Amino acid sequence: MSDRSSTSPVVRAEDVRKSFGDHEVLSGVSFDVGQGTVTVILGPSGSGKTTLLRSLNGLEVPDSGTVTVSDVTVDFGSLTPNRSGRLPRAQREQLTALGRQSGFVFQAHNLFAHRTTIENVIEGPVVVQGEDEGSARERARALLEQVGLAEHADKYPYQLSGGQQQRVGIARALALRPEVVLFDEPTSALDPETVGEVLTVMRDLAEQRWTMVVVTHEIRFAREVADQVLFIDGGVVVERGAPEQVILEPQQPRTQAFLRRILDPL
Amino acid sequence: MSDRSSTSPVVRAEDVRKSFGDHEVLSGVSFDVGQGTVTVILGPSGSGKTTLLRSLNGLEVPDSGTVTVSDVTVDFGSLTPNRSGRLPRAQREQLTALGRQSGFVFQAHNLFAHRTTIENVIEGPVVVQGEDEGSARERARALLEQVGLAEHADKYPYQLSGGQQQRVGIARALALRPEVVLFDEPTSALDPETVGEVLTVMRDLAEQRWTMVVVTHEIRFAREVADQVLFIDGGVVVERGAPEQVILEPQQPRTQAFLRRILDPL
Amino acid sequence: MPAPDTVRPTAAPGRLRRLTHLLIALALVLVPLLGTAAPASAQESASARELAERADLPDTLRVGTEGVYAPFSMRQGEDFTGFDIEVMDALAVRLGVEVEYVATPWDSMFAALEADRFDLVANQVTYNEERAELYDLSDPYVETGGVLVVAEDNPQDIQALADLDGMRAAENLTSSWAELAEENGAEIVGVDGMTEAMSSLKEGRVDAIVNDKLAVRNYIATTPNPGVKVVDETDEVSQSVFAAKKDSGYMPAINTALEEMRADGTIDAIYDEYFSAENVAPSWWDLVKENAGPMALAAIKVTIPLTAISFALGLVIALVAAIGRMSRAALPRAVARSYISIIRGTPLLIQLYLIFYALPQLGVEIDPFPAAVIALSLNVGGYAAEVLRAAIESIPKGQWEAAQTVGMSRTTALRRIILPQAARTAVPPLSNTLISLVKDTSLTSIILVVEIVQTAKFAAAPSFQYLAMFTLAAVYYWIICLVLSFLQDRAETRLGRFVAA
Amino acid sequence: MPAPDTVRPTAAPGRLRRLTHLLIALALVLVPLLGTAAPASAQESASARELAERADLPDTLRVGTEGVYAPFSMRQGEDFTGFDIEVMDALAVRLGVEVEYVATPWDSMFAALEADRFDLVANQVTYNEERAELYDLSDPYVETGGVLVVAEDNPQDIQALADLDGMRAAENLTSSWAELAEENGAEIVGVDGMTEAMSSLKEGRVDAIVNDKLAVRNYIATTPNPGVKVVDETDEVSQSVFAAKKDSGYMPAINTALEEMRADGTIDAIYDEYFSAENVAPSWWDLVKENAGPMALAAIKVTIPLTAISFALGLVIALVAAIGRMSRAALPRAVARSYISIIRGTPLLIQLYLIFYALPQLGVEIDPFPAAVIALSLNVGGYAAEVLRAAIESIPKGQWEAAQTVGMSRTTALRRIILPQAARTAVPPLSNTLISLVKDTSLTSIILVVEIVQTAKFAAAPSFQYLAMFTLAAVYYWIICLVLSFLQDRAETRLGRFVAA
Ligand SMILES: Nc1ncnc2c1ncn2[C@@H]1O[C@H](COP(=O)(O)OP(=O)(O)OP(=O)(O)O)[C@@H](O)[C@H]1O
Ligand SMILES: Nc1ncnc2c1ncn2[C@@H]1O[C@H](COP(=O)(O)OP(=O)(O)OP(=O)(O)O)[C@@H](O)[C@H]1O
Ligand SMILES: [Mg+2]
Ligand SMILES: [Mg+2]
């Protein structure tokens, strides 16, 4: 575990629970993410990794538990949706505030299809944060430079390759100047050759001390970049610790079996 | 290189060329596949791997060159399509005969969506090869047993996971008793955890001495199962040889760069 | 045929008639008490019959009438009806004779009487001196005159003919009422008939109407919420009489009988039936009850078969057109494309008109129902062809290729792999086509197919109950469409057991 | 009004007339050669005028006529036309007087003449002794009689009235022709008018028709490919004359003038115009040329504005309904669902009828054009609501979520992210709705909107050229639809610059 993880937590999840119908997907998940650290979440398919990540920014609303990001805390157990599932205005604003603390990078990137690269990046700052368009464009250019897409600023998403689209997605998330950036399997929809260009960008972000939570199956990325690895299965955190510990010397049989399946498919 | 590759060739491609419009995708590709051997084709995205594989069974019609599978040879240069692209009847039958020598496993599996697992497997034998349905079902059950899907015989494709669907695709190809089975990236659309179940089935087939041509990015599979590895790029075979040689000691800079990108993305 | 707007008859002004009713009612109550009046009446009745016998009235009286002069003399199939007819029927009963009506145009009425084609004219013959010299005329059985009609709210506050100065009056240009209105200073707006005149009045396009009292009363009596009222009557009245050949000798008996009928309320009852608002127009609910059955029958016997036949034929045409459209050869592709483009680019109404009205010009005469089937199935063919093509093209290329790798020819692949999946895809749009077709059958009412809408129109026309009848028709269509949507769901489930929910 | 089927007039039997034509032609050629005949004729004409002056004919002759008795006396706006009118006009020119027509129903014609409402009757007055005693009658200007008409192929080989025994004849039940046919042993099939009778004949539903010679000739002359022929004539003929009050003193002048008109071919020329097949029916090409302009005008002034207004209003309604349909609250969802279901589940024809014919019952009278706008925009609203909803729902959930992760509220996301993409998706189905709407405007012809189809009907009716006129109408619609498809492509390209080709 590097020294970075010792700083004060930016993200804290406490006893988060979520069911879809009868099926309890998260059965009480708790963890902290330190300022400027990288947390990788591992786990089998359907174990609730995406659900957990989405709970951190209010895309998913857990049934109970508390999520804190920076100075915004939401106690999901206290929310009072009405019969048609709608929350009271104040609670909705609480969720919105939580969401605005983080940036999100989707597996399917979800770029705004009708906006060019740079328009995708400035949409949040200009429309939501009210930043002046000129300064937003300037920052956006710098971000695109950073992810290696300066010359693609005026292209539409459909004109970009999968790896390029994913990097635009990262720039869009960063442009919001979030406290933490959440990644949901950012490379698993990519061509094996282009996986590298996205992982490289993410490693650079880690080096710039962005706080990141990453769901991924890229074990090498976890080993080399993560400060903390969470292995979740059956709705609970099965194992948690430094990558050397969880990946190289897993203690739990479930963790061991999972890593074997991933690393040695034959 | 194992001793198996020394037997007489089942597949022979000679100087295969194919353009889409101005873009020459295959610029003269030649290679042999020995009886009972496994050939893995590697190459960057867009290098023409899929086009080459499809040329072997007539799904794609090359502009020139010869393809031989077992005792059927098609000289593509001698085909005479009419203005609307239609071939004379005799030539169409030649292509059909070529196609019937091989089984094909698609990346997107392409199971018949309206047929159950076992119906997918027997469709070819019964409808095309005129096999009696009872015996076809018997063989199909054995094949499904072999790919580990005996209990899913009566499910529709949508009820199966990606790995299961892909294994049905393999069983469907084998049911035709082809001279060679062609695989186009059979695992790249799968969840990392389920890649193993498909690769294991393929290794078993190799051990049963099915002749196989496999396009894949699974370097470990190539190293452990292949008898021969072809690296293609820019429409030509850049490097060809035993896996130990091509993968561990690539001679060509393009091969070296490609393998680095795949094996060491960060 | 007399024009419907010429001067014609009433029994008595409204107030007087109400008094008469009262007296009759009183009489009916008093007669049994007095114990003598009834026999006296019977005696009189007997005397009318006696007179009839003495006058040598034939056993069967042949009566000339137009049969096309509503509401006085109308024909329903073989039977005659109308105010004059009912009066005549009652008269015949009282005279103890049979009646046989002879339909005769007004123009030839008196010539035919002279030629002994019948014995009596019952057709709103107006009394005048000249006629009285030439023919035997009865006492009047009804009298009429002109009335001044305004909208219920009477925005111009017209109270008398004299107020017409500078106003607009809706009149049949060739009628004497137009002249009367014009003489009173009105500007005449030409209309074709009573209904149009009344609409114009209610819409405020004109301010008043001058017309025959009985015609107006009949309109008001048979129209729900007529929305108009009578404010003035003309001074002149004209009296309607029965006419026979000179010296027929029939009139004493007829006049005695008419007197009896006037006295005992028979004529008033018939008058009320035609010309009093109180009890004539059927309620919308009666009409709905009465016509729900016939309209359901029209749905079952016409709309549904028409839909089913046209849809089946249309699908066959569509399959041929879709295959043509996807052909590799240029000619079938061009033919199919043009067919589809023309069908989809022109209104069904014109397609119907062309087949029904224009084909006869080329010597091809087609009955309404087959014409409707042809037009509708060609129409469905054009739309369904595109549905089938889209459904086939929506099946991923991978399915064709997979079929090819198991060794299938294109035809086998189409039949065994593509069409079964396309069928599932095509169900929702085809079912939309079918639902459109159900609704499109309503257009065939215009080429005289007696389906739901046409039946509704027939039912609504006499009493102008369009709201009730068309709403009922709409409900029938809605139910059919809901049933079809339900069947569509079932078909989707059946054909789609192989796709995720 | 005389019934259209009673005994009426012709100038001379066909063969005789052709002989007359020949003689006139000969005369025209010979007259200049002889050098004397022309002055003689001019002299005679002068003598008619002299007689007219001596007879004290008024400067303006008031002529009573019906104006509703085609093809003899018809009215077009303020003008009168028809065979009798044209003869009268020519007569007036020859007499050196002006004519003023007074529209009068047949029933009151002679009463009005007696009352000095006009001076002369020109309305196919049939000569008979009785009339001649009461009125001054002119020499006949045309004569007619009955003719026997069969289908061109004459399957029953009917050649004379005597052959009618056991055959079916289409007749107006109240006409004297029905009697004549019945007397000859025919079974009578009731029809309403000439057109229906002729259709029945051509379709083989009946075997023959007995009717007035001039009416039949007029039908044959004005119908392209009439498909029927005359095989026999009745023996009796009737002669049409002008009538004036007894002792008017007009007749010598009128008879002299008629004699001149007969001699110089004037009457024949007018006769040919109405009753000879050779030169009356306009060719379909003339009709197309003549009506292409007015129909284009109807498209531009009615169809296109009607479409545009209804579409714009419909989109607004649709947006409201779509939002209601997707609302989380139950009430707006239920209201929107019912509206959409009713609109989509009932025929547009009924929706039009309800608004145009039924609303007046509730006291709401609406003119055709606004009624059409209301019905069509409500209709479009129902269909477009589903299009908009489907388009919004087709945008992947990921777009909503991505908008949420950059901090947008649902409303902002809808406005900035979802709707711009949904617009692209909605273009093809909305353009289908628009194209349907264009075609649906044709239905408004039924509620009297004078759009393309109605204009085509008006143009086609007089000469029965339905094929040409409806085809032309179809072409107009087709062109509009093709233009709209083209605009759709452009809109798709414009709104879709952000999607792969
Ligand atoms: N909206 C939903 N409604 C019902 N079930 C859901 C929903 N979202 C997720 N689930 C279920 O919850 C479980 C966890 O889903 P989740 O997507 O969080 O898993 P995951 O670990 O991200 O899996 P993967 O590696 O396949 O992405 C799965 O069984 C999934 O089917
Ligand atoms: N039907 C086609 N029409 C036009 N271009 C095509 C077609 N099929 C393939 N191509 C082009 O040919 C080139 C080679 O395609 P191919 O699919 O064979 O590559 P590949 O090596 O299989 O790539 P990948 O690893 O992405 O599957 C690509 O540039 C592709 O765009
Ligand atoms: Mg996930
Ligand atoms: Mg490929």
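Residues numbered from 1 in each chain as written. Chains lettered and ligands numbered in written order. Predicted model: local features only at pLDDT ≥ 70, side-chain atom pairs only at ≥ 80, totals over all residues. Heavy atoms only, no water.

Trainee: Teacher, can you tell me more about the interface of chain D and chain A here?
Mentor: How big an interface is tends to be reported as the loss of accessible area on association of its parts. Contact with chain D, which involves 20 residues of that partner, is made by 26 residues of chain A. When chain D packs against chain A, the two sides together hide about 2,000 Å² of surface, and 57% of this comes from carbon and sulfur. Considering only the side of chain D, the residues that lose the most area to chain A are Arg 328, Thr 405 and Val 406 of chain D, jointly responsible for 29% of the buried surface there. Our enumeration of links across chain D and chain A arrives at two salt bridges. Its salt-bridge partner being Arg 416 of chain D, residue Glu 123 of chain A comes within 2.6 Å of it at the nearest N-O pair. Run the count over chain D and chain A and you get nine residue pairs in polar contact (both at pLDDT 80 or more). When residues in the side of chain D that touches chain A are grouped by element, the largest group, seven residues, is from helix 15 (residues 397–405) of chain D. Of the residues that constitute the side of chain D that touches chain A, the class distribution is nine nonpolar, seven polar and four charged. (Contact = heavy atoms within 4.5 Å. Buried area = accessible area lost by both parts, 1.4 Å probe. Salt bridge = Lys/Arg side-chain N within 4 Å of Asp/Glu carboxyl O. Polar contact = N/O pair within 3.5 Å; in protein donor to acceptor, adjacent residues only side chain to side chain. Helix = DSSP H or I, 4+ residues; strand = E, 2+ residues; numbered from the N terminus. Nonpolar A, V, L, I, M, F, W, Y, C, P; charged D, E, K, R; others polar.)

Trainee: Sorry, what's going on with the UniProt feature "transmembrane region" (unreviewed entry) in chain C here?
Mentor: Residue and element names in this part refer to chain C. Sequence positions flagged by UniProt for "transmembrane region" (unreviewed entry) are, in local numbering, residues 304–324, 336–359 and 466–487. Annotated as residues 336–359, this span is 88% helix and 0% strand, and its ends, taken at the C-alpha atoms, are 22 Å apart. Along residues 466–487 the backbone is 100% helical and 0% strand, and the end-to-end C-alpha distance reaches 31 Å. (UniProt positions renumbered as here; feature names shortened; annotations may be inferred.)

Trainee: Whenever I open this one, the side chain of Ser 310 of chain D confuses me. Can you help?
Mentor: Note on placement: Ser 310 of chain D falls in helix 11 (residues 284–325). Those residues within four positions of Ser 310 of chain D in sequence are excluded, and the remaining contacts are Ala 372, Val 373, Leu 376, Ser 377, Val 380 and Leu 437 of chain D.

Trainee: Sorry, what's going on with the site of ligand 1 here?
Mentor: Residue and element names in this part refer to chain A. Around ligand 1 sit Phe 20, His 23, Val 25, Pro 44, Ser 45, Gly 46, Ser 47, Gly 48, Lys 49, Thr 50, Thr 51 and Glu 185, and those are all the residues in its vicinity. Here an oxygen atom of ligand 1 and a side-chain polar atom of His 23 are 3.4 Å apart. The contact in question runs from an oxygen atom of ligand 1 to an N or O atom on the side chain of Thr 51, over 2.5 Å. The fraction of the free accessible surface of ligand 1 (630 Å²) that becomes covered by protein chains is 61%. The set of elements that each furnish at least two residues to the shell around ligand 1 consists of strand 2 (23–34) and helix 1 (49–55). Ranked by residue count, the leading element in the shell around ligand 1 is helix 1, at three residues. Split by residue class, the shell around ligand 1 holds three nonpolar, seven polar and two charged. (Near = heavy atom within 4 Å. Areas by Shrake-Rupley, 256 points an atom, 1.4 Å probe, with all protein chains shown as cover.)

Trainee: Is there a simple way to think about the relation of the copies chain C and chain D in this case?
Mentor: Look at the two chain copies: a rotation about an axis and a shift along it is all it takes to match them. Each copy of the sequence occupies a distinct position, and chain C is placed on chain D by a rotation of 180 degrees and an axial shift of 0.1 Å, giving an RMSD of 0.2 Å. Expressed as an axis order, the relation between the two copies is that of a two-fold axis. A share of 98% of the interface residues of chain C reappears at the interface of chain D, consistent with the copies meeting face to face through the same patch. (Least-squares fit on C-alpha atoms with pLDDT ≥ 70 in both.)

Trainee: I keep staring at the site of ligand 2 and nothing clicks. Help me out?
Mentor: All names here are of chain B. Ligand 2 sits among Phe 20, His 23, Val 25, Pro 44, Ser 45, Gly 46, Ser 47, Gly 48, Lys 49, Thr 50, Thr 51 and Glu 185. Residue His 23 places a side-chain N or O atom 3.4 Å away from an oxygen atom belonging to ligand 2. Out of a free accessible area of 630 Å², ligand 2 has 60% covered by protein chains. Residue contributions to the shell around ligand 2 peak at three residues, all from helix 1 (residues 49–55).

Trainee: I tried to follow the interface of chain C and chain D on my own but got confused; where do I start?
Mentor: Opposite the 61 residues of chain C that make contact, chain D presents 60 residues. Counting the contacts that link chain C with chain D gives four salt bridges. Between the two partners, chain C and chain D, sit twelve residue pairs in polar contact (both at pLDDT 80 or more). When contributions to the side of chain C that touches chain D are tallied by element, the ones reaching two or more residues are helix 12 (330–345), helix 13 (348–358), helix 16 (410–440), helix 17 (452–460) and helix 18 (466–495) of chain C.

Trainee: Sorry, what's going on with the nonpolar core here?
Mentor: Generally speaking, soluble globular proteins have nonpolar side chains that are buried together. Judged by nonpolar contacts, the single largest core of 211 residues is most densely connected at Leu 56 of chain A, Leu 56 of chain B, Met 469 of chain C together with Met 469 of chain D. Leave out the neighbours within four places in its chain, and Leu 56 of chain B touches Val 11, Ala 13, Phe 31, Val 67, Val 69, Leu 98, Leu 182 and Val 213 of chain B. (Core = buried A, V, L, I, M, F, W, Y, C linked by side-chain atoms within 4.5 Å. Buried < 20%, exposed > 50% of the residue type's maximum accessible area, 1.4 Å probe, protein only.)

Trainee: Would you explain the pairing of strand 3 (residues 38–42) of chain B in this entry?
Mentor: As a general feature of sheets, a regular strand has side chains that alternate between the two faces. Residues and elements named next belong to chain B. Counting buried positions over the five residues of strand 3 gives five, a clear majority of the element. When strand 3 meets strand 8 (residues 212–215), the two strands line up parallel, connected through four bridges. By the bridge assignment for strand 8, Ile 41 is matched with Val 215. Judged from the four bridges that link them, strand 3 and strand 9 (residues 228–233) form a sheet pairing that is parallel. From the neighbouring strand, Ile 41 faces strand 9, where its bridge partner is Leu 230. (Pairing = 2+ DSSP bridges.)

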